[in-house]
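Coordinate inspection notes
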Amino acid sequence: MTVEHAKQILLDNYKTKNNSFMFYLHERGYFSEEKFWEFYESVTVLVINNVNSSEITAQITNSYQNLLKYIIFHFDPKDDYVLDNFPGNYIDYLERIEYALMAYSSGNVKLIDDDIFELKKPE
């Protein structure tokens, strides 16, 4: 994935555009593993290429906050929002995103080393 493509994916998620991870969560109530990994990879590409800006930081942070909200809504018995295809090991997905965010903010590529995670990226 190129840096420009990674930036576009992050922008699409920030704006909840069609076929983005946030679009599937918000508009379809569906946890798309494929789009999750696309979102994750877009962050890691920026880390590896040492690309950092306040605008991109805001986009990533906003998308992460929305992901957390959708998970909270999913578990809230007073809310009708339910995510289809929601992984039982959701905490492992959150861990991957959390570490990607920490890597992005610190520039520490060791935080996105696949070997440190139980949840592996698909081949």
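Numbers given to residues run from 1 along each chain, matching the order in which its sequence is written. pLDDT decides what is reported in this predicted model: residues at 70 or higher carry local features, side-chain atom pairs at 80 or more are listed and counted, and totals for whole chains, interfaces and linings draw on all residues regardless. Side-chain measures here rest on the full set of heavy atoms in the structure, leaving out hydrogens and waters.

With respect to the overall build of the chain
- Along its length, the chain carries 5 helices and 0 strands.
- Each helix and strand of the chain, ordered N terminal to C terminal, gives the series α-α-α-α-α.
- Atoms counted for the radius of gyration: C-alpha only. Globule rule: 2.2 Å times residue count to the power 0.38. For the chain, the C-alpha radius of gyration of 14 Å lies close to 14 Å, the compact-globule estimate for 123 residues.
- Taken along the three principal axes of its C-alpha coordinates, the chain extends 40 × 30 × 25 Å.
- Accessibility here uses a 1.4 Å probe with only protein chains present; expressed as a share of the type maximum, an area under 20% marks a residue as buried, one over 50% as exposed, and anything in between as partly exposed. Burial status across the chain gives 41% buried among its 123 residues.
- The contact criterion used is simple: two residues touch if any of their non-hydrogen atoms lie within 4.5 Å. Long-range contacts, defined here as pairs at least 24 residues apart, represent 67% of the contacts in the chain between residues at least 6 apart.
- For the chain, the accessible surface area stands at approximately 7,100 Å², while carbon and sulfur atoms represent 47% of it. Only runs of H or I of at least four residues qualify as helices and only runs of E of at least two qualify as strands under DSSP, and these elements are numbered from the N terminus. Working definition of accessibility: Shrake-Rupley area with a 1.4 Å probe, residue cover restricted to the visible protein chains.

Side note on helix 5 (residues 90–106)
- Working rule for helices: expected span equals 1.5 Å times residues minus one. Here helix 5 is 17 residues long and its end C-alpha atoms lie 24 Å apart, about the 24 Å a rise of 1.5 Å per residue gives.
- Tucked into the core, helix 5 has its buried residues touching helix 3 (33–48) and helix 4 (54–75).
- Looking one or two residues beyond helix 5, the residue adopting positive phi is Gly107, at roughly 75°.

Some remarks on the environment of Phe36
- As for its position among the elements, Phe36 is in helix 3.
- A relative accessible area of 0% means that Phe36 is categorised as buried.
- Not counting residues within four places of it along the chain, the set of residues in contact with Phe36 comprises Phe21, Phe31, Tyr93, Arg96 and Ile97.

So, the packing of aromatic side chains
- Any Phe, Tyr or Trp ring, taking Trp's six-membered ring, that has another such ring centre within 6.5 Å forms a pair; planes under 30 degrees apart are called stacked, those over 60 apart edge-to-face, and the others tilted. Evaluation of the coordinates by the stated rule reveals 20 aromatic pairs.
- A ring pair is formed by Phe36 and Tyr93, whose centres lie 4.9 Å apart and whose planes are at 80°; its orientation type is edge-to-face. Of the two residues, Phe36 sits in helix 3 while Tyr93 sits in helix 5, which places them 57 residues apart along the sequence. Here Phe36 matches Tyr93 in class, with each residue buried.
- Consider the rings of Phe75 and Phe86, whose centres lie 5.6 Å apart with planes at 80°: the pair is edge-to-face.

Some words on the packing of helix 1 (residues 3–14) against helix 3
- In contact at an axis separation of 9 Å, helix 1 and helix 3 are set at 130° when each is read in the N-to-C sense. Here helix 3 runs oblique to helix 1, going by the angle between their axes. The hand of the helix 1/helix 3 crossing is left-handed. Residues Val3, Ala6, Lys7, Ile9, Leu10 and Asn13 of helix 1 pack against Glu38, Phe39, Ser42, Val43, Val45 and Leu46 of helix 3.
- For the contact of helix 1 with helix 3, the residue count by class is 8 nonpolar, 2 polar and 2 charged. Interaxial angles span 0 to 180 degrees and are taken between N-to-C directions of axes, which are lines fitted to C-alpha atoms, for helices over the stretch in contact. In this scheme, roughly parallel covers angles under 35 degrees and roughly antiparallel covers those over 145, while 65 to 115 is roughly perpendicular and the rest are oblique. Whether a crossing is left-handed or right-handed is set by the direction in which the near helix is turned from the far one by less than a right angle, anticlockwise for left-handed and clockwise for right-handed. Nonpolar residues are Ala, Val, Leu, Ile, Met, Phe, Trp, Tyr, Cys and Pro. Charged residues are Asp, Glu, Lys and Arg, and all others, Gly as well, are polar.

As far as function goes, none of this settles anything; it's purely spatial.
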